[in-house]
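# Remarks on the overall topology
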Number of protein chains: 2
Amino acid sequence: MKETTTLYHERLAFQPVLPLALRELTQLKAVPLEEASTTISDAELQKLFPHTWKQGIVTFLAQPEVVHRPQRVGVVLSGGQAAGGHNVITGLYDALVKLHPDSRLFGFLGGATGLIDNEAIEITQDLLTEYRNQGGFDIIGSGRAKVETEEQMQAAEKTVKDLRLTGLLIIGGDDSNTNAAVLAEYFLASGCDVNVVGVPKTIDGDLKNEHIEASFGFDTACKIFSELIGNICRDTFSAKKYYHFIKLMGRSASHIALECALQTHANMTLISEEIADKGMTLQQITTEICDMICRRAEMGKNFGVLLIPEGVIEFIPEFKDLITELNDLLAKGGEDLKALEAMSSAQDKVRFVSRQLYEDAKNCFVSIPESIQHEMLLDRDPHGNVQVSKIETEKLLLEAVRKELHRRKVLGEYVGKFSYQTHFFGYEGRSAFPSNFDAQYCYALGQVAALLVDSNMTGYMTCVGNLVNDVEQWNIKGIPLSSMMVMEKRHGKPTPVIKKTLVDPKGKAFQLFENHREQWKLEDDYRYPGPVQFFGPREISNNTTLSLRLERQ
Amino acid sequence: MKETTTLYHERLAFQPVLPLALRELTQLKAVPLEEASTTISDAELQKLFPHTWKQGIVTFLAQPEVVHRPQRVGVVLSGGQAAGGHNVITGLYDALVKLHPDSRLFGFLGGATGLIDNEAIEITQDLLTEYRNQGGFDIIGSGRAKVETEEQMQAAEKTVKDLRLTGLLIIGGDDSNTNAAVLAEYFLASGCDVNVVGVPKTIDGDLKNEHIEASFGFDTACKIFSELIGNICRDTFSAKKYYHFIKLMGRSASHIALECALQTHANMTLISEEIADKGMTLQQITTEICDMICRRAEMGKNFGVLLIPEGVIEFIPEFKDLITELNDLLAKGGEDLKALEAMSSAQDKVRFVSRQLYEDAKNCFVSIPESIQHEMLLDRDPHGNVQVSKIETEKLLLEAVRKELHRRKVLGEYVGKFSYQTHFFGYEGRSAFPSNFDAQYCYALGQVAALLVDSNMTGYMTCVGNLVNDVEQWNIKGIPLSSMMVMEKRHGKPTPVIKKTLVDPKGKAFQLFENHREQWKLEDDYRYPGPVQFFGPREISNNTTLSLRLERQ
């Protein structure tokens, strides 16, 4: 018998509140939402999604004498962990057996690989007993694979047929939901009668749009990071000794950094999207940071907190160029890569690569610290690409800041003392106990997924809306996955994808940040969110992110 | 008006429960505890503490018609932040004015420096309104200075006289409480009528003994670190991709690492004291880690979590030697230091230093990664000592592990894939909202401090005991600081110090760890403590550390 914590048991016993819209579950049937047709105008997409491009948004209405047949549903957890994944599955399971007691649920092991290889376990009431309202994806594990090649598609179809699935749930981010859309089309084309449903998951918060208000896991991750950042703000405000450079997980979009900035009022927060918009160079960013440090030093303050989105480096023009050039130069199978791999000394590699780069990229490459040059050359992904997430961006910035401060000190423009600490928050926030918000949101998402399958709807994303209001008032819908598609160049060819939603510089969240950031730079207006609470006053235990409230209230 | 969080307000409103022993405050007076005399037998200490070595433990009893005179008390926060510092001050303030409404409290700014320079603010009810049950030390700030030289002693005495203080509270760790003992003696010798009282503070948990059950801040810090470690355990158990090397703050003792191991069942935890006891070399530690990784790889598991106490490096024999030799070699003002400082290249410095070291230290120095060699030479404290806390121990271990795994792979003894992430948790846990335990413990400590001053007791440490029981049942005492003293060589001369209490390999906490660690290595028996809760079931919101329960129950 595993030894567990009291909180673990308390959370197992937690019963997510159901939106009123889900309470008469067995009477619900999907109906088209008249006012919101979402058919796609893009001809290319119409060609790629011949069966699903015409789909409209559906909602669910109580109808007399709805007949439910037993369902056999498979579920895939795809990509990085996000708090609430287990609750999607419990919500799905509970709804399936409520709709028909003979329904069965299967979980594919290790992400889409489990679907391709037909490695699955049956998910039962018993099994779920240990996972209700718990963090992690460990019930079936997750993986980064997609069902992409024709061979993989056929394998997935075989699995679906072998298990006689009527529904297939893909819980994942933009790429995985794109994959769900493609699969839905594929199965329709091949006459395989399974309903594919996507669920919006990512701590990054970039899978959202007009209808989808939030991806699950964002709430919990932001709360945990904000707790820690708030603690560090209070610590540095007490010790008055260090600048803390805090890198935050989130590959492309800066939603996490922005939410944490609003929650903690850290002295400075880099927003990747703004950096790209303004075309800011590393030198300009460095100047801005150093200007703040110098002004604070003049006030006698040699401490502060900076938030850095993990993906920022890809938004700085010269690094973007550098990364692109490196990826081209050292593409898998190329001559240059072979030459590079034959070299034993890191210095030789750096010299060799520098010679091949164009002026701007070269200047950028030679200006960065040696350790980061090595990281860019040595840590490459299976496609030969630079692994941006492995670049220690916070140290890169730090080195640039130290150099610039030294220059200013020599000139007498800076009189402070610069000491620092670096941090990276990411893994701490992905598999935590889901906040009450994520627990309830995910449970509802799972129930909506069951309804979509039950109503024979394929190629849909589950949608639970009106999230800033009490759970009882949340509404439920199904949004056609095809309606979220755009064409983008991927690996050189036009590909249908669900676009990541980046931080909107005109959005209310960014505007609030912009209106206060000068004040936060100099005044120590720190805000301390504290740890996620599951009990106590509802304003604390059931609150949502500020970003969500600003966007939707 | 500062924008604050709902939790901030809820915590301001939280009223710490008072031990029954403190409820009739105005009737209490210190009385000697007959059965526990603690006078010191060491002749040398008797000579150094002629006025206080004979003191015995006191407790407090209700007496009829106790007369209280107004007190003027100064308070110093010393050293690193620990959750609950503000509550010591609110407890002290509330008790002082309850004992006599004309009493006044002064806070010295920036630690002992404020005492030496007489930089103080008056602490009032109004001021305290914002600090009740809040994290950080920012009400008056903290500092690392001690009152050491004769000149500083005189300056402190002048401050005490200028402010007409009747009491002086030093809130700090072992060194600061040693300093409090010395000050108490000094003031008695010079006829300065002020009562010096020490309060046990340190997240490291190493300031405890027969009477002092816990230093404050340990509880909150361990809970926060355990929350994060638990989250990472669940994440890696879901993703099955990484070994997480997690370094934990705590300079000498491994109490934090041990408590976190018991709370989370991480796969392996290094305990510095055990490493020193067994005289384990870096190679032996590396072998043990790699043995675990290889065994897990054979089970198909290429993931796990390792906890590393920050100070471990000083307990590894060859590093201890190396650090001592480096400190001697590069002592401030020496020729070698000058020579070193004249060199511009880091490589030259490393070569120069290697030549001067003895065989063992030299072998150790040349075997470690370049970046860590540089850290050891470049980052030196004001005394010229190696800054052990700046050495990236987790990376040092990681490099050693990578090398060894590579060796085994070549030999065919290891078939796994080794990917890793490193973390350092420390600053996140020092200035957090104090847990209910720390909030109530500190509030009681502050009240006991007021009683000691009121009873004209000097050279005492506040003591609140029976902590594993409900707050109501906690007992209160004063322990003579002199009774905790031992003589130790510091900077080459015998010095009275309060000894740090290290992890006891025969203690119940370590025994529990030892009995389970083989199981935790291979089975993924992770335990998820989750975030600190302030509300909800008392078993969750008011629990103590497991170490405390094991030691005292």
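None of the values given here were measured: they were computed from a predicted structure. (Residues numbered from 1 in each chain as written. Chains lettered and ligands numbered in written order. Predicted model: local features only at pLDDT ≥ 70, side-chain atom pairs only at ≥ 80, totals over all residues.)

Next up on the list: the nonpolar core. Grouped together as the largest cluster of nonpolar side chains are 168 residues, with contacts concentrated most on Leu92, Leu169 and Leu307 of chain B. The element best represented in this core is helix α18 (residues 436–454) of chain B, accounting for 13 residues. Not counting the four nearest positions on each side in its chain, Leu307 of chain B is found in contact with Ile229, Ile246, Leu248, Ala257, Cys260, Ala261, Ala266, Thr269 and Leu270 of chain B. Core analysis: the second largest hydrophobic core is formed by 167 residues, Val73, Leu96, Ile316 and Tyr528 of chain A among them. (Core = buried A, V, L, I, M, F, W, Y, C linked by C-beta atoms within 7 Å. Buried ≥ 20, exposed ≤ 12 C-beta atoms within 10 Å, placed from the backbone. Helix = DSSP H or I, 4+ residues; strand = E, 2+ residues; numbered from the N terminus. Contact = placed C-beta atoms within 7 Å.)

Mean pLDDT for chain A: 94, with 99% of residues reaching 70 or above. For this predicted complex, the interface score ipTM comes out at 0.96, while the overall pTM is 0.96. (pLDDT = per-residue confidence, 0-100.)

We now examine the relation of the copies chain B and chain A. Each copy superposes on the other: chain B lies on chain A with an RMSD of 0.1 Å after a rotation of 180 degrees and an axial shift of 0.0 Å. Interpreted geometrically, this transformation is the action of a two-fold axis. Both copies present the same face, since 100% of the interface residues in chain B are matched by interface residues at the equivalent positions in chain A. (Least-squares fit on C-alpha atoms with pLDDT ≥ 70 in both.)

Turning our eyes to something else, we now look at the interface of chain B and chain A. Every contact between the two is made by 45 residues of chain B and, on the other side, 45 residues of chain A. Of all the secondary-structure elements, those providing two or more residues to the side of chain B that touches chain A are α1 (6–13), α8 (218–239) and α20 (538–541) of chain B. A per-element tally of the side of chain B that touches chain A places α8 of chain B first, with eight residues. Looking at the side of chain B that touches chain A residue by residue, the classes come out as 18 nonpolar, 15 polar and 12 charged. (Nonpolar A, V, L, I, M, F, W, Y, C, P; charged D, E, K, R; others polar.)

Moving on, we get to the sheet that holds strand β2 (residues 58–62) of chain A. All names here are of chain A. The strand order across the open sheet built from nine strands is β1-β2-β13-β12-β7-β6-β3-β4-β5, with neighbouring strands paired in mixed fashion. Only two strands of the sheet have a single neighbouring strand rather than two, namely β1 (28–32) and β5 (120–123). Taken over all neighbouring pairs, the strand axes of this sheet differ in orientation by 30 degrees on average, direction set aside. The sheet contact formed by strand β12 (residues 460–465) and strand β13 (residues 475–480) spans six bridges and is antiparallel. Opposite Val464, over in β13, you have Ile476 as the bridge partner. (Pairing = 2+ DSSP bridges. Axes fitted to C-alpha atoms, helices over the stretch in contact; angles between N-to-C directions.)

Residue and element names in this part refer to chain B. It is at 9 Å that the axes of α8 and helix α9 (residues 255–264) come closest, and there the two elements cross at 50 degrees. Between α8 and α9, the angle falls in the class oblique. Every pair of crossing elements has a handedness; the one defined by α8 and α9 is right-handed. Together, Phe218, Ala221, Cys222, Phe225, Ser226, Ile229, Gly230 and Cys233 of α8 and His255, Ile256, Glu259, Cys260, Gln263 and Thr264 of α9 make up the contact between the two elements. (Parallel < 35°, antiparallel > 145°, perpendicular 65-115°, else oblique. Left-handed = near helix turned anticlockwise from the far one by under 90°.)

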